[in-house]
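# Inside the fold
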Amino acid sequence: MARYDRAITVFSPDGHLFQVEYALEAVRKGNAAVGVRGTDIVVLGVEKKSAAKLQDSRSVRKIVSLDDHVALACAGLKADARVLINRARIECQSHRLTVEDPVTVEYITRYIAGLQQKYTQSGGVRPFGLSTLIIGFDPYTGVPSLYQTDPSGTFSAWKANATGRNSNSMREFLEKNYKESSGQETVKLAIRALLEVVESGGKNIEVAVMTKEHGLRQLEEAEIDAIVAEIESEKAAAEAAKKPPAPAPKET
Amino acid sequence: MECVFGLVGNDFAVVVADTSAVHSILVHKSNEDKIMILDSHKLIAASGEPGDRVQFTEYIQKNVALYQFRNGIPLTTAAAANFTRGELATALRKNPYSVNILLAGYDKETGPSLYYIDYIATLHKVDKGAFGYGSYFSLSMMDRHYHSGMTVEEAIDLVDKCIMEIRSRLVVAPPNFVIKIVDKDGAREYAWRESVKDAAVASA
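Report follows, based on the coordinates. (Residues numbered from 1 in each chain as written. Chains lettered and ligands numbered in written order. Predicted model: local features only at pLDDT ≥ 70, side-chain atom pairs only at ≥ 80, totals over all residues. Heavy atoms only, no water.)

Right, let's get into the sheet that holds strand β12 (residues 186-193) of chain B. Residue and element names in this part refer to chain B. Across the sheet, which stays open at both edges, the five strands sit in the order β10-β1-β2-β11-β12 with antiparallel pairing between neighbours. The sheet terminates laterally at β10 (128-131) and β12, the two strands that pair on one side only. Between one strand and the next, the sheet's axes are offset by a mean angle of 15°, whatever the strand orientation. Strand direction decides the pairing type here: strand β11 (residues 177-183) and β12, joined by seven bridges, are antiparallel. Across the sheet, F177 pairs through a bridge with R193, a residue of β12. Sheet contacts for helix α3 (residues 134-145): β1 (4-8) and β10; angle to β10, the most-contacted strand, approximately 165°. Together, β1, β2 (12-18), β11 and β12 form the strand contacts of helix α4 (residues 152-169), whose direction differs from that of β1 by roughly 155°. (Pairing = 2+ DSSP bridges. Helix = DSSP H or I, 4+ residues; strand = E, 2+ residues; numbered from the N terminus. Axes fitted to C-alpha atoms, helices over the stretch in contact; angles between N-to-C directions. Contact = heavy atoms within 4.5 Å.)

Structure (structure tokens):
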């Protein structure tokens, strides 16, 4: 029986794991995704690449629930994502069954990251080609969190982060413009970051918000359009304010 | 001496279970809830070996939740009942679960339903069902008074009649019962019927 025990992810002479770095390349080619944490809300936004005419866009959900209080968005290989998401969902229920408690966001992030790491140190397998943004509320303290994992299996908590295509521009924007916010302000910040790299409009971005009371809610296209319009008008107003005052009429 | 019974009404299903946790001649507690809320619109009333009862019903509950997260829509009552029966059947000839179950649910398309699932994985869709010694009395009462399309008031009246029979005719009748109902608004506790409250501990 052929056994796949030869490692694929091995060190290079200068200490790199090239397979993991190539996986990060795959992530960089994936759709843009952004996550922003507020004081009472967490927001995920994902770029929706223009759907083929005949494709039923409702079947392509990019922001998924892992449990009532945890959600995930990712950038990279979508087929790999399905596998990870499935494992995470099982782990959420398994945790509830064995300890009668819902998972904390950190726990499930650590689990997913652990899974991604395992596939960088096992025989015959390649790393998962995706980075995830995981949002949720702690089931006891009600504190919102945002975490990110990547193909190497590292994870950390963030106030706001982006991954996928043009993530550097989005992250720069977030670093410049982030401040503690809540409710609609947080949603607007996430959409503004996405609009830096994505064509404007409700049909090009998918946004979901999570609150402690209502769990995950996907925003309707119309809602997103309305917020985008608000953002555009705010931008226009800011531009107008910056223009120098009209020169005084010349004296005759 | 565990008593579980249930019936289907007009636009709802109701299940009743006794609430005594007994070990040989000792009553551990008389407010043990044996009707689990499986999901928003399903109830599982279970009787049998206490360890198996909790273990098995929690296992079913978590699998039903997993299905909902994976597929974005909840299982129908029929699907959940068949899944439950399947699990019992698989375990039967190795490590059987000693649990008898009445699964009540409400589906938007098909309305209320009740499923009788016994410990050797028998599955029946029924209008009324019962388990335990109490079934001799509650089934007879329901046979006499049940008709299809009962209102909540009529059904609870019948439930109370059954409880009265069990209390008066069963030699070691459980003192307390819990009634839960499931309809279009979801699964919830309806009432308790208590004849014995746990005594408050006197201060030293």
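Moving on from the coordinates now.
Before going further, it helps to examine the side chain of T132 of chain A. Residue and element names in this part refer to chain A. With respect to the helices and strands, T132 occurs in strand β5 (residues 130-137). A polar contact of 2.7 Å, which involves the side chain of T132, links it to the side chain of T149. With near-sequence residues (within four places) excluded, T132 lies in contact with L72, A73, C74, Y147, Q148 and T149. (Polar contact = N/O pair within 3.5 Å; in protein donor to acceptor, adjacent residues only side chain to side chain.)

Another point: the packing of aromatic side chains. How two aromatic rings sit relative to each other is set out by the distance from centre to centre and by the angle between their planes. Enumeration according to the criterion identifies five aromatic pairs over all chains in this entry. Seen in terms of ring centroids, Y147 of chain A and F155 of chain A are 6.3 Å apart; in terms of plane orientation they differ by 45°. Their pairing is tilted. On the basis of relative accessibility, which here comes to 29%, the residue F155 of chain A falls in the partly exposed class. When the centroid spacing of 4.5 Å and the interplanar angle of 20° are considered together, the rings of Y116 of chain B and F131 of chain B count as stacked. Placement of the pair is Y116 of chain B in strand β8 (residues 111-117) and F131 of chain B in strand β10, with a sequence separation of 15 residues. Overall, F131 of chain B belongs to the buried group, its relative accessible area being 5%. (Phe/Tyr/Trp six-rings, centres within 6.5 Å; stacked < 30°, edge-to-face > 60°. Buried < 20%, exposed > 50% of the residue type's maximum accessible area, 1.4 Å probe, protein only.)

The interface is formed by seven residues belonging to chain B together with 11 residues belonging to chain A. Interface area, chain B with chain A, both sides summed: about 870 Å², of which 63% is carbon and sulfur. If you sort the residues of chain B by the area they bury against chain A, K62, F69 and R70 of chain B come out on top, with a joint share of 68%. Our count for the chain B to chain A interface comes out at zero salt bridges. Summed over the shared surface of chain B and chain A, the number is two residue pairs in polar contact (both at pLDDT 80 or more). Here the residues of the side of chain B that touches chain A sort into four nonpolar, no polar and three charged. (Buried area = accessible area lost by both parts, 1.4 Å probe. Salt bridge = Lys/Arg side-chain N within 4 Å of Asp/Glu carboxyl O. Nonpolar A, V, L, I, M, F, W, Y, C, P; charged D, E, K, R; others polar.)

What the rule picks out here adds up to zero disulfides over all chains. Not engaged in a disulfide, the cysteine C92 of chain A finds its nearest cysteine sulfur in C74 of chain A; these two sulfurs lie 15 Å apart. What makes C92 of chain A buried here is its relative accessible area of 0%. This cysteine, C3 of chain B, is not joined by any disulfide, and C162 of chain B carries the nearest cysteine sulfur, 11 Å off. (Disulfide = S-S within 2.5 Å.)

Quick look at the packing of helix α2 (residues 78-99) of chain A against helix α3 (residues 105-118) of chain A now. Residue and element names in this part refer to chain A. Two numbers describe how α2 lies on α3: the axes approach to 10 Å, and their chain directions differ by 135°. The angle between α2 and α3 places the two elements in the oblique class. With respect to the hand of their crossing, α2 and α3 are arranged in right-handed fashion. Judged by residue contacts, L84, R87, A88, E91, C92 and H95 of α2 engage Y107, I108, Y111, I112, L115 and Q116 from α3. Residue classes in the contact of α2 with α3 are distributed as eight nonpolar, two polar and two charged. (Parallel < 35°, antiparallel > 145°, perpendicular 65-115°, else oblique. Left-handed = near helix turned anticlockwise from the far one by under 90°.)

All names here are of chain A. The element strand β1 (residues 33-37) is extensively covered by neighbouring structure, given that four of its five residues are classed as buried. The sheet contact formed by β1 and strand β2 (residues 41-47) spans five bridges and is antiparallel. Opposite V34, over in β2, you have G45 as the bridge partner. In textbook terms, the turn of a hairpin is the stretch between consecutive antiparallel strands, and for β1 and β2 this stretch comprises three residues. In the sheet, β1 pairs with strand β8 (residues 160-163) via four bridges, with the strands oriented antiparallel. Looking at β8, one finds that G35 is bridged to N161.

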